[in-house]
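# Chains, contacts and geometry: an overview
Residue-level listing of the chains:
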Amino acid sequence: MMIAYLDQRLRLAPGTDVDPCGDGGELDPDLEAASKDFGGVTRALPAVVRRPCSGDDVVEAIRLAWRYDHLTVAPRGNGHSVAGQALAPDGIVLNMRAMSRMELVRGDGGQLCADVGAGVLWGELLEWGVAEHGLSPASWTDYLGLTVGGTLSNAGISGQAFRKGPQISNVAELEVVTGEAERVVCSPERRSDLFYAALGGLGQFGVITRARIPLLPAPPLVRWIRVVYASFEVYAADVEWLVARPEREGFNYIEGFAFVNRGDDQASGWESVPIEPSSVFDPGLVPPSSGPLLYCLELGLYHDVHDGVDKRVEEMLRPLKYIRGLEFTTELSYVDFLSRVNLAESAARANGSWHAPHPWLNILISASDVVHFDRHVLQSVLKDGIGGPMLVYPLLRSKWDPQMSVALPDTEVFYLVALLRFNRPYPAGPPVENLMAQNREILTRCKSNGYDFKLYLPHYKTEAEWAHHFGKDWARFVERKARFDPRAILSPGQLIFTRAHPPSSSPS
Ligand SMILES: Cc1cc2nc3c(=O)[nH]c(=O)nc-3n(C[C@H](O)[C@H](O)[C@H](O)COP(=O)(O)OP(=O)(O)OC[C@H]3O[C@@H](n4cnc5c(N)ncnc54)[C@H](O)[C@@H]3O)c2cc1C
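Rules and cut-offs
Residues numbered from 1 in each chain as written. Predicted model: local features only at pLDDT ≥ 70, side-chain atom pairs only at ≥ 80, totals over all residues. Heavy atoms only, no water. Core = buried A, V, L, I, M, F, W, Y, C linked by side-chain atoms within 4.5 Å. Buried < 20%, exposed > 50% of the residue type's maximum accessible area, 1.4 Å probe, protein only. Helix = DSSP H or I, 4+ residues; strand = E, 2+ residues; numbered from the N terminus. Contact = heavy atoms within 4.5 Å. Axes fitted to C-alpha atoms, helices over the stretch in contact; angles between N-to-C directions. Parallel < 35°, antiparallel > 145°, perpendicular 65-115°, else oblique. Left-handed = near helix turned anticlockwise from the far one by under 90°. Polar contact = N/O pair within 3.5 Å; in protein donor to acceptor, adjacent residues only side chain to side chain. Salt bridge = Lys/Arg side-chain N within 4 Å of Asp/Glu carboxyl O. Near = heavy atom within 4 Å. Nonpolar A, V, L, I, M, F, W, Y, C, P; charged D, E, K, R; others polar. Domains from an automatic or database assignment. Buried area = accessible area lost by both parts, 1.4 Å probe. Pairing = 2+ DSSP bridges.

The biggest cluster of nonpolar side chains holds 153 residues, and the ones touching the most others in it are Leu174 and Ile363. For this core, the leading source of residues is strand β13 (residues 293-303), giving eight residues. The residues touching isoleucine 363, leaving out its near neighbours within four places in the chain, are Phe373, Tyr415, Leu416, Val417, Ile442, Leu443, Cys446, Phe453, Lys454, Leu455 and Tyr456. Leu31, Ala74, Ala88 and Val93 belong to the second largest nonpolar core, which has six residues in total.

Below, the structure written as structure tokens:
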């Protein structure tokens, strides 16, 4: 019935109304929603949207795509991409949100794991894990309204990643349906070729339908601290020292951000630093010689009620060279700490910037280039801020398995620079073209200065750009595509391969 329905549907003009199918999963009537993403810059109407409930539904959709030379299949997590990566022009969008099962299981080594459908949101996993079992994954994203399948197709980075690795380093097993419609259970021990290909694989090698994620006891409380630096060099020296500390002596969460050295910018100025509404940022403590940007180191220490946290924190902060007096701190439950971005989401929804275009830029840049980057990009192109957070914090390459598909800079220590623009829609905010031109200017400077950098959540338009992005691993990426999705059906919105020109099995 499904094939008959889609055959009929695909003979219709794309974008016409869809009726529920009700056969092994219901069809989503909302083509419009599947034609856009959080970025709000790219649009493409699919021919059909399907809500798979099982791996077999995914197999069926992929087999259907084989029947038409033009037809592609894009799994869509929560559509939080910013450059059309989850779109399928005239193709089949698989709305993965119905794959929402969560189960507590024991992994092969006896470890407790969450066995979850790929459409589960990380926020749902947090609530379920902590409330029902007192357990939690080790690695998170800042914002939790993202699906397990969506972030595992990229990396999943937050303040735990320096120690625990990104989310893709915290997976015990996956179920993946390849572009050959093969439903495979894979892990580091079993079909490891597909397991590592799918992690950070940009949806190119298979649809992740299920993930098994190891769990740890959830700590009751988090001491959340922010301290301020006037100099990037001093900030970088401190934060790199902190991420190298052994676990027993260190913080559990480390991030940081640049902010404008002004009081008139609520979103990215002095006021963006205090955690509690009652705390005040005293600009009189900032050295008069400071530049246009200041830097905030953000720390989290997981702890119990009776473990002398005040003394521990005091000792841990003592060696740091931040501006004394510019410390901000609070205590939250673990769930509230991890859900902290919900407040920012509510504020952005209220002021219109949640639904405005988001031309975000995320760069992974080598620690050896980051001080120069600060001087010649952050303090220059971005000296007036971006209307939202400018995250800058280090990660360690040794926490990322090189067999995974994601491309990284070549050094052990590299920084995530995340330019998370939250502007109000034009004309209340700047025209989106200006913001995109600013992104281009930043990338031009990165290239002309010869920085060792990669885009995180990359988006390119030509094969040459993708080949450059993957560098020495491009041949492996092409070979994986030829093996797992030789018809180039999957995730066409990444613009890496095209259905008409699938990858050659002998990579160039
Ligand atoms: C407000 C906000 C905050 C964010 N915060 C962070 C953060 O802290 N850390 C971080 O690392 N990232 C962050 N991101 C980026 C986010 O990780 C990516 O945009 C991610 O792709 C979004 O997940 P999604 O579930 O919406 O995926 P989608 O945007 O729906 O899909 C992303 C890509 O993955 C593919 N895909 C989706 N599901 C599957 C699947 N099951 N199997 C195979 N391929 C699939 C899609 O086809 C598409 O190519 C943030 C994004 C937003 C908008």
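Now, onward.
Okay, the packing of helix α8 (residues 232-243) against helix α12 (residues 367-378) next. Closest axis-to-axis distance for the α8/α12 pair is 10 Å, and the angle between their directions is 155°. Here α8 lies roughly antiparallel to α12, going by the angle between them. Between α8 and α12 the crossing geometry is right-handed. Seen from α8, the contacting residues are Phe232, Glu233 and Glu240; seen from α12, they are Ala367, Val370, Val371, Asp374 and Arg375.

What follows deals with the side chain of aspartate 142. Of note, aspartate 142 is situated in the loop between β6 (135-136) and α5 (148-152). According to the relative accessible area criterion, aspartate 142 is buried, its value standing at 18%. Only 2.6 Å separates the side chain of aspartate 142 from the side chain of serine 158, close enough to count as a polar contact. Only 3.4 Å separates the side chain of aspartate 142 from the side chain of arginine 340, close enough to count as a polar contact. Residues contacting aspartate 142, with those up to four places away along its chain left out, are Ile157, Ser158, Gly159, Glu255, Leu338, Arg340, Val341 and Leu391.

What follows covers the pattern of salt bridges. For the coordinates displayed, the defined rule picks out 36 salt bridges. One salt bridge connects arginine 191 with glutamate 182, and the closest N-O pair in it is separated by 3.3 Å. Residue class for arginine 191 comes out partly exposed when judged on its relative accessible area of 32%.

This part is about the site of the ligand. Around the ligand lies a shell of 34 residues, among which Pro75, Gly77, Ser81, Thr147 and Tyr456 are the nearest. Isoleucine 157 is positioned with one of its backbone polar atoms (N or O) 2.8 Å from an oxygen atom of the ligand. Between tyrosine 456 and the ligand, the recorded distance is 2.6 Å, taken from a side-chain N or O atom to an oxygen atom. Broken down by secondary-structure element, the contributors of at least two residues to the shell around the ligand are β2 (73-76), α5 and β9 (206-214). Partitioned by chemical class, the residues of the shell around the ligand number 14 nonpolar, 18 polar and two charged. Here the shell around the ligand gathers at least three residues from each of two domains, domain 1 (2-98) and domain 2 (102-217).

What follows is about the domain arrangement of the chain. The domain architecture assigned to the chain consists of domain 1 (2-98), domain 2 (102-217) and domain 3 (221-455). Taken together, the contact between domain 1 and domain 3 spans six residues of the former and eight residues of the latter. Between domain 1 and domain 3 the total buried area reaches about 520 Å² when both faces are included, carbon and sulfur atoms providing 74% of it. It is Phe38, Val41 and Val82 in domain 1 that bury the most area against domain 3; as a group they hold 80% of the surface buried on that side. Run the count over domain 1 and domain 3 and you get zero salt bridges. Broken down by class, the residue content of the side of domain 1 that touches domain 3 amounts to three nonpolar, three polar and no charged.

Here we have eight strands laid out as an open sheet, ordered β14-β11-β13-β12-β16-β17-β15-β18, and antiparallel in their pairing. Each end of this open sheet is capped by a strand with a single partner; those strands are β14 (327-333) and β18 (453-455). For this sheet, the mean inter-axis angle between neighbouring strands, taken without regard to orientation, is 20°. Across eight bridges, the pairing between strand β12 (residues 253-260) and β13 is antiparallel. Paired with valine 260 across the strands is leucine 293, a residue of β13.

So, about the sheet that holds strand β4 (residues 102-106). Ordered in space as β4-β5-β9-β7-β8, the five strands form an open sheet in which the pairing is antiparallel. Only two strands of the sheet have a single neighbouring strand rather than two, namely β4 and β8 (183-186). Averaged over all adjacent pairs, the angle separating strand axes in this sheet is 20°, with direction ignored. Each of β4, β5 (112-117) and β9 is contacted by helix α4 (residues 122-133), which is oriented at about 60° to β4, the strand it contacts most.

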